[in-house]
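Examination of the molecular architecture
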Number of protein chains: 2
Amino acid sequence: MWYDARMAGVQSVERAFGILRALSLGPAGVTDLSDRTGLPKSTVSRLLSALEEQKAVEQNSEGAYELGVGIAELGTALRGGQSVVEVARPHMVELMELTGEAVGLNRLDGDQVRTLLQVDDPSSSVVVRDWTGVPSPAHAVPAGLAILANSSRAAQRNFLQNEFDELTENTMTDPAMLLLRFEQIRTDGYAWVIEEFTEDISSVAAAFADANGRIQFAIHIHGPSFRFPGDVDREELGNRVAATAQRIEAQLNPD
Amino acid sequence: MWYDARMAGVQSVERAFGILRALSLGPAGVTDLSDRTGLPKSTVSRLLSALEEQKAVEQNSEGAYELGVGIAELGTALRGGQSVVEVARPHMVELMELTGEAVGLNRLDGDQVRTLLQVDDPSSSVVVRDWTGVPSPAHAVPAGLAILANSSRAAQRNFLQNEFDELTENTMTDPAMLLLRFEQIRTDGYAWVIEEFTEDISSVAAAFADANGRIQFAIHIHGPSFRFPGDVDREELGNRVAATAQRIEAQLNPD
DNA sequence: CAAGCTGTCCCACGATACGGAACGCTGGAT
DNA sequence: ATCCAGCGTTCCGTATCGTGGGACAGCTTG
(Lines give C-alpha, C1' and ligand atoms only; values in the text may rest on other atoms or scores of the structure.)
Protein backbone atom coordinates (compact mmCIF):
# COMPACT_ATOMS: atom_id res chain seq x y z
CA MET A 1 0.00 0.00 0.00
CA TRP A 2 1.62 3.21 -1.17
CA TYR A 3 0.91 6.74 -0.18
CA ASP A 4 -0.40 8.60 -3.16
CA ALA A 5 2.12 11.36 -3.68
CA ARG A 6 -0.16 13.24 -6.06
CA MET A 7 -1.95 14.62 -3.06
CA ALA A 8 -0.39 17.83 -1.89
CA GLY A 9 -0.92 16.69 1.66
CA VAL A 10 1.26 15.62 4.48
CA GLN A 11 0.29 12.10 5.31
CA SER A 12 0.28 12.38 9.07
CA VAL A 13 -1.71 15.58 9.00
CA GLU A 14 -4.21 14.04 6.66
CA ARG A 15 -4.57 11.03 8.89
CA ALA A 16 -4.77 13.10 12.03
CA PHE A 17 -7.70 15.01 10.62
CA GLY A 18 -9.28 11.78 9.52
CA ILE A 19 -9.18 10.70 13.13
CA LEU A 20 -10.61 14.01 14.30
CA ARG A 21 -13.45 13.71 11.85
CA ALA A 22 -14.11 10.17 12.97
CA LEU A 23 -14.19 11.44 16.52
CA SER A 24 -16.65 14.16 15.64
CA LEU A 25 -19.20 11.35 15.27
CA GLY A 26 -18.76 10.62 18.92
CA PRO A 27 -16.23 9.39 21.47
CA ALA A 28 -14.41 6.21 20.55
CA GLY A 29 -11.57 3.92 21.52
CA VAL A 30 -8.42 3.17 19.59
CA THR A 31 -9.70 -0.03 18.02
CA ASP A 32 -12.94 1.56 17.00
CA LEU A 33 -11.10 4.45 15.38
CA SER A 34 -8.78 2.02 13.70
CA ASP A 35 -11.80 0.40 12.07
CA ARG A 36 -13.45 3.67 11.13
CA THR A 37 -10.36 5.09 9.50
CA GLY A 38 -8.80 1.91 8.18
CA LEU A 39 -5.48 2.71 9.82
CA PRO A 40 -3.46 0.26 11.92
CA LYS A 41 -4.10 0.41 15.63
CA SER A 42 -0.57 1.43 16.47
CA THR A 43 -0.72 4.33 14.07
CA VAL A 44 -3.99 5.50 15.51
CA SER A 45 -2.62 5.23 19.01
CA ARG A 46 0.46 7.26 18.14
CA LEU A 47 -1.50 9.95 16.35
CA LEU A 48 -3.91 10.15 19.25
CA SER A 49 -0.99 10.72 21.61
CA ALA A 50 0.20 13.52 19.38
CA LEU A 51 -3.27 15.02 19.21
CA GLU A 52 -3.70 14.69 22.93
CA GLU A 53 -0.51 16.63 23.45
CA GLN A 54 -1.99 19.38 21.33
CA LYS A 55 -5.19 19.18 23.39
CA ALA A 56 -7.07 18.44 20.19
CA VAL A 57 -8.41 15.27 21.79
CA GLU A 58 -8.71 14.10 25.35
CA GLN A 59 -9.60 10.94 27.16
CA ASN A 60 -12.80 10.99 29.15
CA SER A 61 -13.11 9.22 32.43
CA GLU A 62 -13.99 5.94 30.70
CA GLY A 63 -10.76 6.09 28.75
CA ALA A 64 -12.45 6.78 25.42
CA TYR A 65 -11.07 9.56 23.27
CA GLU A 66 -13.12 12.60 22.39
CA LEU A 67 -12.49 15.99 20.86
CA GLY A 68 -10.67 18.33 23.19
CA VAL A 69 -10.58 21.93 24.21
CA GLY A 70 -7.89 22.80 21.69
CA ILE A 71 -10.46 22.44 18.95
CA ALA A 72 -12.91 24.59 20.85
CA GLU A 73 -10.29 27.29 21.22
CA LEU A 74 -9.53 27.33 17.54
CA GLY A 75 -13.23 27.32 16.81
CA THR A 76 -13.91 30.41 18.86
CA ALA A 77 -10.86 32.16 17.45
CA LEU A 78 -12.39 31.53 14.06
CA ARG A 79 -15.68 32.97 15.17
CA GLY A 80 -14.25 36.10 16.71
CA GLY A 81 -11.93 36.74 13.82
CA GLN A 82 -14.61 37.01 11.23
CA SER A 83 -15.75 40.54 11.12
CA VAL A 84 -18.73 39.70 8.95
CA VAL A 85 -20.22 37.87 11.89
CA GLU A 86 -19.61 40.82 14.19
CA VAL A 87 -21.20 43.28 11.81
CA ALA A 88 -24.15 41.08 10.95
CA ARG A 89 -25.12 40.03 14.45
CA PRO A 90 -27.01 43.13 15.62
CA HIS A 91 -28.90 43.32 12.34
CA MET A 92 -29.82 39.70 12.70
CA VAL A 93 -31.04 40.20 16.23
CA GLU A 94 -33.24 43.01 14.98
CA LEU A 95 -34.73 40.75 12.34
CA MET A 96 -35.23 38.00 14.86
CA GLU A 97 -37.09 40.30 17.22
CA LEU A 98 -39.26 41.50 14.39
CA THR A 99 -40.40 38.04 13.37
CA GLY A 100 -39.81 35.92 16.43
CA GLU A 101 -38.14 33.32 14.23
CA ALA A 102 -34.52 32.21 14.03
CA VAL A 103 -32.20 34.24 11.84
CA GLY A 104 -29.07 32.78 10.30
CA LEU A 105 -25.92 34.01 8.60
CA ASN A 106 -24.68 31.80 5.77
CA ARG A 107 -21.77 31.41 3.52
CA LEU A 108 -21.45 29.49 0.28
CA ASP A 109 -18.72 26.86 0.34
CA GLY A 110 -18.59 25.02 -2.96
CA ASP A 111 -21.99 23.47 -3.50
CA GLN A 112 -22.84 23.63 0.17
CA VAL A 113 -24.16 26.39 2.33
CA ARG A 114 -22.91 26.74 5.87
CA THR A 115 -24.47 28.59 8.73
CA LEU A 116 -21.90 30.69 10.56
CA LEU A 117 -24.20 32.11 13.19
CA GLN A 118 -27.77 31.58 14.21
CA VAL A 119 -29.76 33.92 16.40
CA ASP A 120 -32.68 32.30 18.17
CA ASP A 121 -35.56 33.76 20.05
CA PRO A 122 -34.94 32.60 23.61
CA SER A 123 -38.54 33.19 24.58
CA SER A 124 -39.80 30.79 21.95
CA SER A 125 -40.17 27.19 23.03
CA VAL A 126 -40.40 25.66 19.58
CA VAL A 127 -37.50 26.75 17.44
CA VAL A 128 -35.62 25.56 14.44
CA ARG A 129 -32.60 23.64 15.62
CA ASP A 130 -29.21 25.29 15.50
CA TRP A 131 -27.66 24.61 12.11
CA THR A 132 -24.36 26.32 12.86
CA GLY A 133 -21.55 24.64 10.97
CA VAL A 134 -23.79 22.06 9.35
CA PRO A 135 -23.55 22.08 5.56
CA SER A 136 -26.74 22.11 3.49
CA PRO A 137 -27.12 21.62 -0.26
CA ALA A 138 -27.19 25.03 -1.92
CA HIS A 139 -30.07 24.26 -4.27
CA ALA A 140 -32.50 23.55 -1.46
CA VAL A 141 -31.90 26.45 0.89
CA PRO A 142 -32.75 30.07 0.08
CA ALA A 143 -29.34 31.33 1.14
CA GLY A 144 -27.67 29.17 -1.48
CA LEU A 145 -30.10 30.26 -4.17
CA ALA A 146 -29.77 33.91 -3.26
CA ILE A 147 -25.98 33.81 -3.36
CA LEU A 148 -25.86 31.88 -6.62
CA ALA A 149 -28.49 34.10 -8.21
CA ASN A 150 -26.13 37.00 -7.68
CA SER A 151 -23.01 35.14 -8.77
CA SER A 152 -21.36 35.17 -12.18
CA ARG A 153 -22.83 33.24 -15.10
CA ALA A 154 -19.79 30.98 -15.02
CA ALA A 155 -20.30 30.12 -11.38
CA GLN A 156 -23.98 29.42 -12.03
CA ARG A 157 -23.25 27.22 -15.03
CA ASN A 158 -20.68 25.34 -13.02
CA PHE A 159 -23.10 24.86 -10.17
CA LEU A 160 -25.86 23.63 -12.44
CA GLN A 161 -23.66 20.74 -13.61
CA ASN A 162 -24.45 18.97 -10.35
CA GLU A 163 -26.93 16.23 -9.70
CA PHE A 164 -29.46 17.68 -7.30
CA ASP A 165 -31.04 15.58 -4.61
CA GLU A 166 -34.79 15.70 -4.27
CA LEU A 167 -34.99 16.24 -0.54
CA THR A 168 -38.74 16.79 -0.42
CA GLU A 169 -41.41 16.65 -3.09
CA ASN A 170 -41.08 20.40 -3.48
CA THR A 171 -37.35 20.42 -4.13
CA MET A 172 -36.45 21.98 -7.46
CA THR A 173 -33.89 19.80 -9.21
CA ASP A 174 -34.15 20.81 -12.87
CA PRO A 175 -31.17 22.99 -13.94
CA ALA A 176 -33.23 24.97 -16.45
CA MET A 177 -35.85 25.76 -13.84
CA LEU A 178 -33.20 26.78 -11.37
CA LEU A 179 -31.65 29.14 -13.89
CA LEU A 180 -35.02 30.82 -14.40
CA ARG A 181 -35.44 30.99 -10.67
CA PHE A 182 -32.09 32.77 -10.35
CA GLU A 183 -33.43 35.51 -12.65
CA GLN A 184 -36.48 35.94 -10.49
CA ILE A 185 -34.47 36.04 -7.28
CA ARG A 186 -32.11 38.59 -8.79
CA THR A 187 -34.95 40.95 -9.61
CA ASP A 188 -36.78 40.33 -6.33
CA GLY A 189 -33.67 40.70 -4.20
CA TYR A 190 -34.68 37.79 -2.00
CA ALA A 191 -35.39 34.07 -2.22
CA TRP A 192 -38.24 32.14 -0.65
CA VAL A 193 -37.99 28.41 -0.08
CA ILE A 194 -41.12 26.63 1.10
CA GLU A 195 -40.43 23.13 2.37
CA GLU A 196 -37.84 22.31 -0.26
CA PHE A 197 -35.17 21.34 2.21
CA THR A 198 -37.26 19.72 4.92
CA GLU A 199 -40.99 19.38 5.14
CA ASP A 200 -40.90 21.19 8.44
CA ILE A 201 -39.07 24.37 7.56
CA SER A 202 -39.65 27.37 5.34
CA SER A 203 -37.32 30.33 4.90
CA VAL A 204 -36.40 33.56 3.12
CA ALA A 205 -32.89 34.75 2.37
CA ALA A 206 -31.02 37.62 0.76
CA ALA A 207 -27.39 37.72 -0.28
CA PHE A 208 -24.83 40.45 0.23
CA ALA A 209 -21.23 41.20 -0.68
CA ASP A 210 -18.38 41.05 1.80
CA ALA A 211 -15.66 43.64 2.28
CA ASN A 212 -13.97 42.42 -0.88
CA GLY A 213 -17.06 42.79 -2.98
CA ARG A 214 -17.54 39.07 -3.39
CA ILE A 215 -21.05 37.83 -2.96
CA GLN A 216 -20.74 34.72 -0.85
CA PHE A 217 -22.76 35.54 2.25
CA ALA A 218 -26.47 35.63 2.93
CA ILE A 219 -28.82 36.05 5.85
CA HIS A 220 -32.05 34.20 6.22
CA ILE A 221 -35.08 33.84 8.46
CA HIS A 222 -36.43 30.37 8.94
CA GLY A 223 -39.19 28.92 11.00
CA PRO A 224 -41.39 25.85 11.41
CA SER A 225 -43.74 25.61 8.45
CA PHE A 226 -46.84 25.32 10.60
CA ARG A 227 -46.52 28.96 11.66
CA PHE A 228 -44.02 30.46 9.25
CA PRO A 229 -44.46 32.36 7.05
CA GLY A 230 -48.14 32.02 7.99
CA ASP A 231 -50.22 34.78 6.48
CA VAL A 232 -47.63 37.52 6.58
CA ASP A 233 -46.95 39.26 3.30
CA ARG A 234 -44.10 37.30 1.80
CA GLU A 235 -43.06 40.14 -0.43
CA GLU A 236 -42.83 42.53 2.45
CA LEU A 237 -40.85 40.14 4.59
CA GLY A 238 -38.58 39.38 1.65
CA ASN A 239 -37.94 43.04 1.11
CA ARG A 240 -37.15 43.48 4.76
CA VAL A 241 -34.56 40.72 4.67
CA ALA A 242 -33.12 42.20 1.50
CA ALA A 243 -32.98 45.63 3.10
CA THR A 244 -31.16 44.22 6.11
CA ALA A 245 -28.71 42.46 3.83
CA GLN A 246 -28.10 45.76 2.06
CA ARG A 247 -27.43 47.50 5.35
CA ILE A 248 -24.90 44.88 6.36
CA GLU A 249 -23.23 45.16 2.98
CA ALA A 250 -23.08 48.93 3.28
CA GLN A 251 -21.54 48.66 6.71
CA LEU A 252 -18.93 46.22 5.44
CA ASN A 253 -18.01 48.48 2.52
CA PRO A 254 -17.28 51.95 3.85
CA ASP A 255 -16.82 53.92 0.64
CA MET B 1 18.64 20.64 14.82
CA TRP B 2 17.01 17.32 15.65
CA TYR B 3 13.51 16.46 16.61
CA ASP B 4 13.35 15.55 20.25
CA ALA B 5 12.09 11.98 20.24
CA ARG B 6 11.23 12.08 23.93
CA MET B 7 8.03 13.84 23.03
CA ALA B 8 5.24 11.41 22.40
CA GLY B 9 4.13 13.51 19.46
CA VAL B 10 4.23 13.19 15.75
CA GLN B 11 6.32 16.04 14.50
CA SER B 12 4.18 17.10 11.58
CA VAL B 13 1.02 17.02 13.63
CA GLU B 14 2.67 19.06 16.31
CA ARG B 15 3.84 21.60 13.78
CA ALA B 16 0.51 21.69 12.02
CA PHE B 17 -1.22 22.62 15.25
CA GLY B 18 1.45 25.18 15.92
CA ILE B 19 0.49 26.79 12.65
CA LEU B 20 -3.20 26.60 13.48
CA ARG B 21 -2.58 28.26 16.81
CA ALA B 22 -0.54 30.94 15.14
CA LEU B 23 -3.40 31.47 12.74
CA SER B 24 -5.88 31.77 15.55
CA LEU B 25 -4.26 35.14 16.28
CA GLY B 26 -5.39 36.30 12.89
CA PRO B 27 -4.90 35.70 9.18
CA ALA B 28 -1.31 35.58 7.99
CA GLY B 29 0.90 34.78 5.05
CA VAL B 30 3.47 32.02 4.73
CA THR B 31 6.45 34.18 5.64
CA ASP B 32 4.68 35.65 8.61
CA LEU B 33 3.76 32.20 9.87
CA SER B 34 7.31 31.05 9.27
CA ASP B 35 8.50 33.79 11.60
CA ARG B 36 5.84 33.16 14.22
CA THR B 37 6.51 29.43 14.40
CA GLY B 38 10.22 29.40 13.65
CA LEU B 39 9.75 26.84 10.87
CA PRO B 40 11.26 27.12 7.40
CA LYS B 41 9.07 28.73 4.80
CA SER B 42 8.87 25.66 2.63
CA THR B 43 7.75 23.54 5.55
CA VAL B 44 5.06 26.02 6.46
CA SER B 45 3.89 26.17 2.87
CA ARG B 46 3.63 22.39 2.62
CA LEU B 47 1.81 22.02 5.91
CA LEU B 48 -0.58 24.77 4.89
CA SER B 49 -1.36 22.89 1.71
CA ALA B 50 -2.09 19.81 3.74
CA LEU B 51 -4.28 21.76 6.13
CA GLU B 52 -6.05 23.44 3.27
CA GLU B 53 -6.89 20.05 1.82
CA GLN B 54 -8.47 19.18 5.14
CA LYS B 55 -10.32 22.51 5.07
CA ALA B 56 -8.67 23.37 8.36
CA VAL B 57 -7.37 26.56 6.78
CA GLU B 58 -8.34 28.49 3.70
CA GLN B 59 -7.01 31.39 1.72
CA ASN B 60 -9.05 34.54 1.80
CA SER B 61 -9.40 36.70 -1.25
CA GLU B 62 -6.17 38.55 -0.44
CA GLY B 63 -4.29 35.26 -0.47
CA ALA B 64 -3.67 35.23 3.27
CA TYR B 65 -4.37 32.05 5.15
CA GLU B 66 -6.99 31.86 7.86
CA LEU B 67 -8.73 29.17 9.82
CA GLY B 68 -11.24 27.25 7.75
CA VAL B 69 -14.61 25.67 8.00
CA GLY B 70 -13.20 22.27 8.91
CA ILE B 71 -12.31 23.65 12.30
CA ALA B 72 -15.78 25.11 12.70
CA GLU B 73 -17.31 21.73 11.89
CA LEU B 74 -15.22 19.98 14.48
CA GLY B 75 -16.00 22.72 16.94
CA THR B 76 -19.73 22.32 16.57
CA ALA B 77 -19.45 18.55 16.69
CA LEU B 78 -17.69 19.04 19.98
CA ARG B 79 -20.47 21.24 21.23
CA GLY B 80 -23.25 18.90 20.18
CA GLY B 81 -21.49 15.83 21.48
CA GLN B 82 -21.25 16.99 25.01
CA SER B 83 -24.41 16.08 26.71
CA VAL B 84 -23.68 18.29 29.68
CA VAL B 85 -24.09 21.26 27.39
CA GLU B 86 -27.39 19.95 26.08
CA VAL B 87 -28.77 19.33 29.52
CA ALA B 88 -27.53 22.59 30.99
CA ARG B 89 -28.66 24.91 28.21
CA PRO B 90 -32.37 25.22 29.06
CA HIS B 91 -31.60 25.74 32.74
CA MET B 92 -29.13 28.40 31.81
CA VAL B 93 -31.63 30.16 29.60
CA GLU B 94 -34.05 30.18 32.49
CA LEU B 95 -31.45 31.77 34.73
CA MET B 96 -30.57 34.29 32.05
CA GLU B 97 -34.17 35.33 31.66
CA LEU B 98 -34.53 35.70 35.39
CA THR B 99 -31.60 38.05 35.76
CA GLY B 100 -31.14 39.50 32.31
CA GLU B 101 -27.43 38.83 32.58
CA ALA B 102 -25.22 36.38 30.72
CA VAL B 103 -25.05 32.83 32.05
CA GLY B 104 -22.08 30.57 31.41
CA LEU B 105 -21.23 26.90 31.70
CA ASN B 106 -17.68 26.18 32.81
CA ARG B 107 -15.31 23.35 33.18
CA LEU B 108 -12.09 23.11 35.15
CA ASP B 109 -9.09 22.24 33.00
CA GLY B 110 -5.98 22.09 35.14
CA ASP B 111 -5.57 25.49 36.75
CA GLN B 112 -7.74 27.15 34.17
CA VAL B 113 -11.47 27.48 33.81
CA ARG B 114 -13.02 27.30 30.38
CA THR B 115 -16.43 28.48 29.31
CA LEU B 116 -18.16 25.86 27.18
CA LEU B 117 -21.32 27.77 26.52
CA GLN B 118 -22.56 31.24 27.19
CA VAL B 119 -26.17 32.31 27.01
CA ASP B 120 -26.66 36.03 26.44
CA ASP B 121 -29.69 38.19 26.66
CA PRO B 122 -30.24 39.26 23.07
CA SER B 123 -32.38 42.21 24.16
CA SER B 124 -29.60 43.68 26.22
CA SER B 125 -27.34 46.13 24.44
CA VAL B 126 -24.53 46.07 26.96
CA VAL B 127 -23.42 42.54 27.68
CA VAL B 128 -20.39 40.75 28.93
CA ARG B 129 -18.35 39.58 25.97
CA ASP B 130 -18.52 35.95 24.95
CA TRP B 131 -15.85 34.04 26.85
CA THR B 132 -16.51 30.71 25.18
CA GLY B 133 -13.32 28.72 24.90
CA VAL B 134 -11.17 31.36 26.54
CA PRO B 135 -9.30 30.06 29.58
CA SER B 136 -9.38 32.07 32.81
CA PRO B 137 -7.31 31.54 35.96
CA ALA B 138 -9.32 29.40 38.36
CA HIS B 139 -8.51 31.46 41.45
CA ALA B 140 -10.09 34.61 40.07
CA VAL B 141 -13.37 33.34 38.70
CA PRO B 142 -16.20 31.98 40.82
CA ALA B 143 -16.62 28.87 38.70
CA GLY B 144 -13.05 27.86 39.45
CA LEU B 145 -13.45 28.52 43.15
CA ALA B 146 -16.74 26.66 43.31
CA ILE B 147 -15.35 23.60 41.57
CA LEU B 148 -12.20 23.54 43.66
CA ALA B 149 -14.12 24.10 46.87
CA ASN B 150 -15.95 20.86 46.16
CA SER B 151 -12.88 18.94 45.06
CA SER B 152 -10.73 16.63 47.13
CA ARG B 153 -8.25 17.95 49.68
CA ALA B 154 -5.45 16.63 47.50
CA ALA B 155 -6.66 18.53 44.47
CA GLN B 156 -6.98 21.68 46.54
CA ARG B 157 -3.54 21.35 48.04
CA ASN B 158 -2.11 20.75 44.60
CA PHE B 159 -3.87 23.79 43.24
CA LEU B 160 -2.71 26.01 46.07
CA GLN B 161 0.92 25.32 45.15
CA ASN B 162 0.55 27.79 42.30
CA GLU B 163 1.66 31.39 42.13
CA PHE B 164 -1.52 33.40 41.76
CA ASP B 165 -1.61 36.53 39.66
CA GLU B 166 -3.13 39.62 41.19
CA LEU B 167 -5.40 40.58 38.35
CA THR B 168 -7.15 43.40 40.19
CA GLU B 169 -6.67 44.87 43.62
CA ASN B 170 -9.42 42.60 44.91
CA THR B 171 -7.88 39.36 43.69
CA MET B 172 -7.26 36.90 46.48
CA THR B 173 -3.80 35.40 46.08
CA ASP B 174 -2.97 34.05 49.53
CA PRO B 175 -3.24 30.24 49.64
CA ALA B 176 -4.33 30.19 53.28
CA MET B 177 -7.10 32.67 52.60
CA LEU B 178 -8.22 30.71 49.57
CA LEU B 179 -8.42 27.55 51.63
CA LEU B 180 -10.68 29.30 54.13
CA ARG B 181 -12.73 30.64 51.30
CA PHE B 182 -13.20 27.11 49.98
CA GLU B 183 -14.78 26.16 53.32
CA GLN B 184 -17.17 29.04 53.09
CA ILE B 185 -18.13 28.27 49.51
CA ARG B 186 -18.68 24.65 50.38
CA THR B 187 -21.17 25.55 53.11
CA ASP B 188 -22.83 28.28 51.06
CA GLY B 189 -23.13 26.18 47.95
CA TYR B 190 -22.14 29.09 45.73
CA ALA B 191 -19.24 31.48 45.16
CA TRP B 192 -19.37 35.23 44.65
CA VAL B 193 -16.52 37.05 42.95
CA ILE B 194 -16.69 40.82 42.95
CA GLU B 195 -14.22 42.38 40.53
CA GLU B 196 -11.42 39.95 41.25
CA PHE B 197 -10.92 38.97 37.65
CA THR B 198 -11.59 42.26 35.92
CA GLU B 199 -12.68 45.55 37.42
CA ASP B 200 -15.70 45.50 35.17
CA ILE B 201 -17.26 42.17 35.95
CA SER B 202 -18.84 40.48 38.95
CA SER B 203 -20.24 36.98 39.09
CA VAL B 204 -21.72 34.08 41.07
CA ALA B 205 -21.17 30.42 40.38
CA ALA B 206 -22.11 26.99 41.68
CA ALA B 207 -20.48 23.67 40.85
CA PHE B 208 -22.10 20.36 40.02
CA ALA B 209 -21.08 16.78 39.29
CA ASP B 210 -21.21 15.26 35.83
CA ALA B 211 -22.63 11.85 34.92
CA ASN B 212 -19.55 10.19 36.36
CA GLY B 213 -19.90 11.94 39.67
CA ARG B 214 -16.83 14.08 39.15
CA ILE B 215 -17.18 17.70 40.08
CA GLN B 216 -15.57 19.60 37.28
CA PHE B 217 -18.38 21.73 35.92
CA ALA B 218 -20.02 24.90 37.13
CA ILE B 219 -22.53 27.45 35.96
CA HIS B 220 -22.27 31.14 36.63
CA ILE B 221 -24.05 34.41 36.10
CA HIS B 222 -21.91 37.40 35.31
CA GLY B 223 -22.64 40.97 34.47
CA PRO B 224 -21.08 44.40 34.27
CA SER B 225 -20.24 45.61 37.79
CA PHE B 226 -22.06 48.91 37.37
CA ARG B 227 -25.41 47.12 37.43
CA PHE B 228 -24.64 43.63 38.67
CA PRO B 229 -25.32 42.39 41.24
CA GLY B 230 -26.68 45.85 42.11
CA ASP B 231 -28.91 45.71 45.19
CA VAL B 232 -30.31 42.26 44.67
CA ASP B 233 -29.92 39.88 47.58
CA ARG B 234 -26.68 38.10 46.89
CA GLU B 235 -27.58 35.21 49.10
CA GLU B 236 -30.83 34.65 47.31
CA LEU B 237 -29.24 34.83 43.87
CA GLY B 238 -26.47 32.53 45.01
CA ASN B 239 -28.98 30.01 46.26
CA ARG B 240 -30.82 30.19 43.00
CA VAL B 241 -27.68 29.45 41.02
CA ALA B 242 -26.89 26.61 43.40
CA ALA B 243 -30.41 25.24 43.01
CA THR B 244 -30.09 25.33 39.22
CA ALA B 245 -26.75 23.54 39.45
CA GLN B 246 -28.39 20.90 41.61
CA ARG B 247 -31.16 20.43 39.09
CA ILE B 248 -28.66 19.96 36.27
CA GLU B 249 -26.71 17.48 38.37
CA ALA B 250 -29.89 15.56 39.17
CA GLN B 251 -30.81 15.42 35.51
CA LEU B 252 -27.34 14.15 34.61
CA ASN B 253 -27.47 11.42 37.25
CA PRO B 254 -30.70 9.52 36.83
CA ASP B 255 -30.65 7.17 39.81
C1' DC C 1 15.02 47.80 -14.24
C1' DA C 2 16.80 46.12 -10.26
C1' DA C 3 15.97 45.01 -5.63
C1' DG C 4 13.13 43.03 -2.28
C1' DC C 5 9.25 41.03 -1.34
C1' DT C 6 5.97 37.30 -1.72
C1' DG C 7 4.43 32.01 -2.00
C1' DT C 8 5.30 27.61 -4.47
C1' DC C 9 7.99 23.92 -6.17
C1' DC C 10 12.01 20.79 -6.59
C1' DC C 11 14.72 17.06 -4.98
C1' DA C 12 18.54 14.55 -2.51
C1' DC C 13 18.87 13.21 2.05
C1' DG C 14 18.09 10.83 6.21
C1' DA C 15 15.31 11.62 10.20
C1' DT C 16 11.04 10.25 11.25
C1' DA C 17 6.67 8.02 10.97
C1' DC C 18 5.23 3.54 10.00
C1' DG C 19 2.90 -0.88 11.35
C1' DG C 20 3.23 -5.85 12.55
C1' DA C 21 3.95 -8.12 16.54
C1' DA C 22 4.47 -8.60 21.38
C1' DC C 23 3.03 -6.84 25.65
C1' DG C 24 0.25 -5.94 29.92
C1' DC C 25 -4.14 -5.04 31.38
C1' DT C 26 -9.10 -5.51 32.37
C1' DG C 27 -13.46 -7.87 32.59
C1' DG C 28 -16.59 -11.43 31.41
C1' DA C 29 -17.41 -16.30 30.74
C1' DT C 30 -16.48 -20.89 32.02
C1' DA D 1 -9.48 -19.73 39.94
C1' DT D 2 -8.36 -19.83 35.08
C1' DC D 3 -8.98 -18.88 30.69
C1' DC D 4 -9.72 -16.04 26.82
C1' DA D 5 -11.07 -12.09 24.13
C1' DG D 6 -10.44 -7.61 23.51
C1' DC D 7 -8.53 -3.54 24.85
C1' DG D 8 -4.62 0.25 24.36
C1' DT D 9 0.31 0.92 24.53
C1' DT D 10 5.02 0.05 23.40
C1' DC D 11 8.78 -1.89 20.82
C1' DC D 12 11.89 -1.66 16.99
C1' DG D 13 13.74 -2.59 12.26
C1' DT D 14 12.49 -0.75 7.86
C1' DA D 15 12.07 2.52 4.18
C1' DT D 16 8.65 5.87 3.33
C1' DC D 17 7.88 10.10 3.90
C1' DG D 18 8.61 14.78 5.55
C1' DT D 19 12.27 17.90 5.47
C1' DG D 20 14.46 22.41 4.23
C1' DG D 21 17.86 24.84 1.46
C1' DG D 22 17.62 26.78 -2.62
C1' DA D 23 15.73 27.87 -7.22
C1' DC D 24 11.88 29.99 -9.26
C1' DA D 25 8.01 32.96 -10.82
C1' DG D 26 5.04 36.67 -9.82
C1' DC D 27 4.18 41.40 -7.78
C1' DT D 28 5.10 45.61 -5.64
C1' DT D 29 8.66 49.33 -4.62
C1' DG D 30 12.08 52.64 -5.08
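Since this is a predicted model, take the numbers as computed values, not measurements.

1. Observations regarding the pairing of strand β8 (residues 215-224) of chain B
Residue and element names in this part refer to chain B. Counting buried residues along β8, nine of its ten residues qualify, which places the element largely inside the surrounding structure. The sheet contact formed by strand β3 (residues 102-109) and β8 spans six bridges and is antiparallel. Bridged to N106 within β8 is A218. Sheet analysis places strand β7 (residues 201-209) next to β8, joined by nine bridges and oriented antiparallel. The residue bridging S203 from the neighbouring strand is H222, located in β8.

2. What about the sheet that holds strand β4 (residues 112-119) of chain A?
Residue and element names in this part refer to chain A. Pairing within the open sheet is antiparallel, and its six strands lie in the order β5-β4-β3-β8-β7-β6. For this open sheet the edge positions go to β5 (135-137) and β6 (191-194), each flanked by a neighbour on one side alone. Each neighbouring strand pair of the sheet contributes to a mean axis angle of 30°, computed without reference to strand direction. The pairing of β4 with β5 spans three bridges and is antiparallel. Looking at the pairing, V113 lines up with S136 of β5. Contacting β3 (102-109), β4, β6, β7 (201-209) and β8 (215-224), helix α6 (residues 142-149) runs over the sheet at an angle of about 30° to β7.

Cut-offs and rules
Residues numbered from 1 in each chain as written. Chains lettered and ligands numbered in written order. Predicted model: local features only at pLDDT ≥ 70, side-chain atom pairs only at ≥ 80, totals over all residues. Heavy atoms only, no water. Buried < 20%, exposed > 50% of the residue type's maximum accessible area, 1.4 Å probe, protein only. Helix = DSSP H or I, 4+ residues; strand = E, 2+ residues; numbered from the N terminus. Pairing = 2+ DSSP bridges. Axes fitted to C-alpha atoms, helices over the stretch in contact; angles between N-to-C directions. Contact = heavy atoms within 4.5 Å.

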